[in-house]
Amino acid sequence: MLFDADGVLVDSYAAYRRIWTRWALHRGLDPATVWSHTHGRRAVDTIAVAAPRLDPEAEYRLVRDFMAEEGDAFPVYPDAAAVLQVLHADRWGVVTSGRAQTVRQRLRAGGLPDPPVLVDNTHVTRGKPHPEGYLRAAGLLRTPAERCLVIEDAPAGVEAARTAAMTVIGLTTTHSADQLTHAHHVVGSLTDAKPFIQDWLRS
């Protein structure tokens with residue numbers, strides 16, 4: 001089992017919307033255009049597309065400063081714990097466009113366990129929608145890619161997992177069902193995904 005973090009385990013939508021709007025206005029950019037490039041992507045990739053004239057690494061540091069000012073505005077979804085409890089302790093992981101330290105802090109703050117495998121933006125050279133992150137996680141779990149079930153909320157993440165030959169459940173936590181049509185199943189929440197996960201574990 002592989003999970004994205006933001007929009008799947010962590011409810012970060014509102015906080016990230018504020019952060020990226022603030023950054024866009026700070027740089028004289030259209031917030032809606034910037035926001036359209038953010039989901040499922042590494043921040044440096046978003047910046048490179050939205051503002052190619054700027055230094056992505058320097059701007060990423062600014063975005064992280066804005067993020068730090070949000071404090072604890074990144075709660076875990078209330079049904080995340082129940083889903084993680086049905087998994088084998090060492091047979092799941094997280095593939096995130098964020099940073100491992102940040103993800104662990106947010107999961108711990110919400111009472112969730114550390115993932116046995118966590119692939120973040122420093123572990124890949126190409127972020128989602130490229131499949132590199134998911135393939136790396138499968139390798140660390142010593143599991144063939146086609147035996148992995150992925151939970152994603154963003155089209156870029158769905159594409160990454162599908163390209164890696166994995167089965168994907170799309171959550172409509174940040175995107176509409178019409179935007180997640182490439183997922184094998186589309187549901188509204190982790191609770192709704194749980195029957196699919198249990199069937200997968202029994203197969």
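Up top is the structure.
Residues numbered from 1 in each chain as written. Predicted model: local features only at pLDDT ≥ 70, side-chain atom pairs only at ≥ 80, totals over all residues. Heavy atoms only, no water.

**A word on the overall build of the protein**
Consideration 1: Within the protein, the regular secondary structure consists of 9 helices and 6 strands.
Consideration 2: Against the 2.2 N^0.38 benchmark of 17 Å for 203 residues, the protein shows a C-alpha radius of gyration of 16 Å, consistent with a compact globule.
Consideration 3: Counting only C-alpha atoms and orienting by the principal axes, one finds that the protein spans roughly 50 × 30 × 30 Å.
Consideration 4: In the protein, 60% of the contacts between residues at least 6 apart in sequence involve partners at least 24 apart.
Consideration 5: Surface summary for the protein: the accessible area is close to 9,400 Å², and the carbon and sulfur share equals 50%.
Consideration 6: Each charge sign in the protein was given a centre, from 22 positive and 24 negative side chains, and these centres are 4 Å apart. (Helix = DSSP H or I, 4+ residues; strand = E, 2+ residues; numbered from the N terminus. Rg over C-alpha atoms; globule rule 2.2 N^0.38 Å. Contact = heavy atoms within 4.5 Å. Areas by Shrake-Rupley, 256 points an atom, 1.4 Å probe, with all protein chains shown as cover. Lys, Arg positive; Asp, Glu negative; His and termini not counted. Charge placed at Lys NZ, Arg CZ, Asp CG, Glu CD.)

**Some thoughts on the sheet that holds strand β3 (residues 117–119)**
Consideration 1: Taken in spatial order, the 6 strands make up an open sheet running β3-β2-β1-β4-β5-β6, and their pairing is parallel. In this open sheet, the two strands that pair with only one neighbour each are β3 and β6 (185–187).
Consideration 2: With 2 bridges joining them, strand β1 (residues 2–3) and strand β2 (residues 93–95) adopt parallel strand pairing. The residue of β2 that forms the bridge with F3 is V94.
Consideration 3: Contacts from helix α9 (residues 190–202) reach β1, β4 (149–152), β5 (167–171) and β6 within the one sheet, and its direction differs from that of β5 by about 165 degrees. (Pairing = 2+ DSSP bridges. Axes fitted to C-alpha atoms, helices over the stretch in contact; angles between N-to-C directions.)

**Here we look at the side chain of D153**
Consideration 1: When you line up the elements, D153 lands in the loop between β4 and α8 (155–163).
Consideration 2: K128 is the oppositely charged side chain nearest to the buried, salt-bridge-free D153, at an N-O distance of 6.6 Å.
Consideration 3: A polar atom in the side chain of D153 sits 2.5 Å from the side chain of T174.
Consideration 4: The contact partners of D153, leaving out residues within four places of it in the chain, are D4, D6, G7, V8, L171, T173, T174, H175 and L180. (Buried < 20%, exposed > 50% of the residue type's maximum accessible area, 1.4 Å probe, protein only. Salt bridge = Lys/Arg side-chain N within 4 Å of Asp/Glu carboxyl O. Polar contact = N/O pair within 3.5 Å; in protein donor to acceptor, adjacent residues only side chain to side chain.)

**Observations concerning unusual backbone geometry**
Glycine aside, negative phi is the norm for most residues, and most peptide bonds take the trans geometry.
Consideration 1: A cis amide bond, omega 15 degrees, links K128 with the succeeding residue P129.
Consideration 2: Position of P129 relative to the elements: it lies in the loop between β3 and α7 (132–140).
Consideration 3: Phi at R142 takes a positive value of approximately 55 degrees, unusual for a residue other than glycine.
Consideration 4: Relative to the elements of secondary structure, R142 occurs in the loop between α7 and β4.

**Comments concerning the nonpolar core**
Consideration 1: By size, the foremost hydrophobic cluster in this structure holds 48 residues, and its most contacted members are F3, L9, W20, W23, I151, L190 and I197.
Consideration 2: The element that contributes the greatest number of residues to this core is helix α1 (residues 13–26), accounting for 6 residues.
Consideration 3: In this structure F3 touches V8, L9, V83, L84, L87, W92, G93, V94, V95, Y134, I151 and L190, once residues within four positions along its chain are discounted.
Consideration 4: Grouped together as the second largest cluster of nonpolar side chains are 20 residues, L2, L141, C148 and V150 included. (Core = buried A, V, L, I, M, F, W, Y, C linked by side-chain atoms within 4.5 Å.)

**Side note on α1**
Consideration 1: Its 14 residues place the ends of α1 20 Å apart at the C-alpha level, agreeing with the 20 Å of an ideal helix rising 1.5 Å per residue.
Consideration 2: Here α1 has its buried residues at A15, Y16, I19, W20, W23 and A24. Projected onto a plane normal to the axis of α1, the buried residues spread over an arc of 160 degrees and lie on a single side.
Consideration 3: Looking at the buried side of α1, the elements it contacts are α2 (31–36), α3 (43–50), α4 (56–68) and α6 (100–109). (Expected span 1.5 Å × (residues − 1). Arc of directions from axis to C-beta.)

**Concerning the packing of α1 against α4**
Consideration 1: It is the contact of α1 with α4, at a shortest axis distance of 10 Å, that shows an interaxial angle of 130 degrees. Regarding the angle of α1 to α4, the classification is oblique. Viewed along their axes, α1 and α4 form a crossing whose handedness is right-handed. The segment α1 lies against α4, with Y16, I19, W20, R22, W23 and H26 engaging E59, L62, V63, F66 and M67. (Parallel < 35°, antiparallel > 145°, perpendicular 65-115°, else oblique. Left-handed = near helix turned anticlockwise from the far one by under 90°.)

**Things to note about the pattern of salt bridges**
Consideration 1: By the definition in use, this model includes 10 salt bridges.
Consideration 2: With its nearest N and O atoms 3.7 Å apart, the salt bridge here joins R106 to D6. With a gap of 100 residues between them, R106 in helix α6 and D6 in the loop between β1 and α1 connect regions that are remote in the sequence. D6 shares its class with R106; the two are buried.
Consideration 3: Where K128 meets E152, a salt bridge forms, and the shortest distance between an N and an O atom there is 2.7 Å. Residue K128 is located in the loop between β3 and α7, and its partner E152 is located in strand β4; the two are separated by 24 residues in the primary sequence.
Consideration 4: Within the structure, one salt-bridge network assembled from shared partners comprises D4, K128 and E152.

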